[in-house]
Amino acid sequence: MSVIGASGTGKSYYTGSLLEDRAPNFDISVHFDLEDEEGGLSVEGNALYGTLIVDRERFESIDWPKCLFNHRQVRVVPDALDDEEIQELYGRISAAAMALCKDLEIDDAPESALVSCDEAHQVLDKNKLDSRVNRMQTGGRKHGVETIHLTQRPALMPLTILSQSDRRVYFHVSEQRDIKKINKASVFDANRLKDLKAREAIVENKHSGEFEKIDTDNCGRDRPHFSGDDGLLDDALPV
Ligand SMILES: Nc1ncnc2c1ncn2[C@@H]1O[C@H](COP(=O)(O)OP(=O)(O)OP(=O)(O)O)[C@@H](O)[C@H]1O
Ligand SMILES: [Mg+2]
């Protein structure tokens, strides 16, 4: 699935609640948390994921199939990696999820994996989608690999990620370039998204063509969400 919407509309909060509900159903789940927002999902004693901070040294050394096989629920937080390394890291994780569920012939091979990625427009190259991510996105599902990509800038996303999502959850979007991009991927008229209030969303089912409005205000999370985007300057301004 894809979760799309302007900054501060509630994508990460909602997705966290979905992960709390669904990630335990997968043999393996990886959350790629570029901004380290979901520390609340990794609090000791009640952790949905273990946290794995990936600095340069770990970037070089981690064997991802082995790591995911051993640890199973991992929240990956890149630390001081450059854009190219971040893209490469996500490519390796995508390949590992596919390898474990499809290619590797090992005892007790996992049968399902959930790979989620927040701030996906900063992790993926709009003009050149990593082949490993492409393979996971287009062919993962029949091997038990499912994905969630979240973004506030669909205009900066590779079209394949949006168009190859079975479900899309749209929060408020008002930028014309983003609306245009959404309209390329779906039958849904994205101009409607301008009218959504914060925490309201529209869920689209690509195959059936159905869509339905949801209110995520009461979606509920057992674990806290830490977001640094509430804006210290905003209170000083009249509107
Ligand atoms: N359903 C909700 N209940 C309670 N608080 C919420 C809810 N949805 C969002 N929030 C709060 O609103 C703020 C913005 O939400 P969130 O971080 O999910 O936005 P976002 O769409 O992911 O934004 P960005 O694109 O900037 O990451 C956060 O402080 C979050 O905790
Ligand atoms: Mg967010």
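Refer to the structure presented above.
## What about the nonpolar core?
Counting residues in hydrophobic clusters, the biggest one holds 47 residues, and the most contacted among them are Phe32, Val54, Trp64, Val76, Leu89, Tyr90 and Leu193. Broken down by element, the residue count for this core peaks at 9 residues, all from helix α4 (residues 83–103). In this structure, leucine 89 is in contact with Phe32, Val54, Phe59, Trp64, Val76, Pro78 and Leu81, ignoring residues within four places of it in sequence. Within the second largest apolar cluster, 14 residues are counted, among which are Phe26, Val169, Phe171 and Ala201.

## Concerning the environment of leucine 159
Counting through the fold element by element, leucine 159 comes out in helix α6 (residues 159–163). On the basis of relative accessible area, leucine 159 is assigned to the partly exposed category, the value being 35%. Residues leucine 159 and alanine 185, spaced 26 residues apart in sequence, show a C-alpha to C-alpha distance of 7.0 Å. Beyond its immediate chain neighbours, meaning those up to four positions away, leucine 159 contacts Lys181, Lys184 and Ala185.

## Let's talk about unusual backbone geometry
Even without a glycine there, the phi angle at alanine 80 is positive, about 55 degrees. When you line up the elements, alanine 80 lands in the loop between β4 (73–78) and α4. Of note in the backbone geometry, aspartate 108 takes a positive phi value of approximately 55 degrees without being a glycine. Relative to the helices and strands, aspartate 108 resides in the loop between α4 and β5 (113–117).

## Points about the layout of surface pockets
Estimated volume of the largest pocket: approximately 640 Å³. Met1, Arg141, Glu146, Asp166 and Arg167 are, among the 27 residues lining the largest pocket, the residues nearest its centre. Tallied by class, residues from the lining of the largest pocket come to 11 nonpolar, 10 polar and 6 charged.

## Quick word on the site of ligand 1
Taken together, 18 residues lie near ligand 1, and Ser7, Gly8, Lys11, Ser12 and Tyr13 sit nearest. Within the backbone of glycine 10, a nitrogen or oxygen atom sits 3.0 Å from an oxygen atom of ligand 1. At 3.3 Å from an oxygen atom of ligand 1 is found a side-chain nitrogen or oxygen belonging to glutamate 119. Relative to its unbound accessible area of 630 Å², ligand 1 is 87% covered by the protein chains. When grouped by side-chain class, the residues that make up the shell around ligand 1 number 2 nonpolar, 9 polar and 7 charged.

## As for the pairing of β5
Counted residue by residue, β5 has 5 buried out of 5 residues, so it is predominantly covered. On β5, burial covers both faces: Ala113, Val115 and Cys117 on one face and Leu114 and Ser116 on the other are all buried. Bridge count between strand β2 (residues 28–32) and β5: 5 bridges; the pairing is parallel. Bridge pairing in β5 places isoleucine 28 opposite alanine 113.

## A look at the packing of helix α3 (residues 64–71) against α4
At a minimum axis distance of 8 Å, the contact between α3 and α4 shows a crossing angle of 65 degrees. Crossing of α3 against α4: the hand is right-handed. Across the interface between the two elements, Trp64, Pro65, Leu68 and Phe69 from α3 touch Leu89, Arg92, Ile93, Ala96, Ala97 and Leu100 from α4. Among the residues making up the contact of α3 with α4, the classes are represented as 9 nonpolar, no polar and 1 charged.

## With respect to the sheet that holds strand β7 (residues 167–170)
Sheet architecture is open: 9 strands sit in the order β3-β4-β2-β5-β6-β1-β7-β8-β9, paired in mixed fashion. At either end of the open sheet lies a strand with only one pairing partner, and these are β3 (50–54) and β9 (211–215). Taking the axes of each pair of neighbouring strands and ignoring which way they run, one obtains an average angle of 15 degrees across the sheet. In this structure, β3 lies alongside β4, joined through 5 bridges in parallel fashion. Note on β4: the bridge partner recorded for valine 54 is proline 78. Contacting β1 (2–4), β2, β5, β6 (145–151), β7 and β9, helix α1 (residues 11–22) runs over the sheet at an angle of about 160 degrees to β6.

## Quick notes on the side chain of glutamate 37
Examined against the element boundaries, glutamate 37 turns out to sit in the loop between β2 and β3. Setting aside residues no more than four positions away along its own chain, glutamate 37 makes contact with Ser12, Arg75, Asp118, Glu119, His225, Phe226 and Ser227.

What counts, and where the lines are drawn
Residues numbered from 1 in each chain as written. Chains lettered and ligands numbered in written order. Predicted model: local features only at pLDDT ≥ 70, side-chain atom pairs only at ≥ 80, totals over all residues. Heavy atoms only, no water. Core = buried A, V, L, I, M, F, W, Y, C linked by side-chain atoms within 4.5 Å. Buried < 20%, exposed > 50% of the residue type's maximum accessible area, 1.4 Å probe, protein only. Helix = DSSP H or I, 4+ residues; strand = E, 2+ residues; numbered from the N terminus. Contact = heavy atoms within 4.5 Å. 1 Å grid on protein atoms, 1.4 Å probe; cavity = no way out; pocket = protein on both sides within 12 Å on 5 of 7 lines; lining within 4 Å. Points joined across faces, edges and corners; volume = space filled by probe spheres on them. Nonpolar A, V, L, I, M, F, W, Y, C, P; charged D, E, K, R; others polar. Near = heavy atom within 4 Å. Polar contact = N/O pair within 3.5 Å; in protein donor to acceptor, adjacent residues only side chain to side chain. Areas by Shrake-Rupley, 256 points an atom, 1.4 Å probe, with all protein chains shown as cover. Pairing = 2+ DSSP bridges. Axes fitted to C-alpha atoms, helices over the stretch in contact; angles between N-to-C directions. Left-handed = near helix turned anticlockwise from the far one by under 90°.

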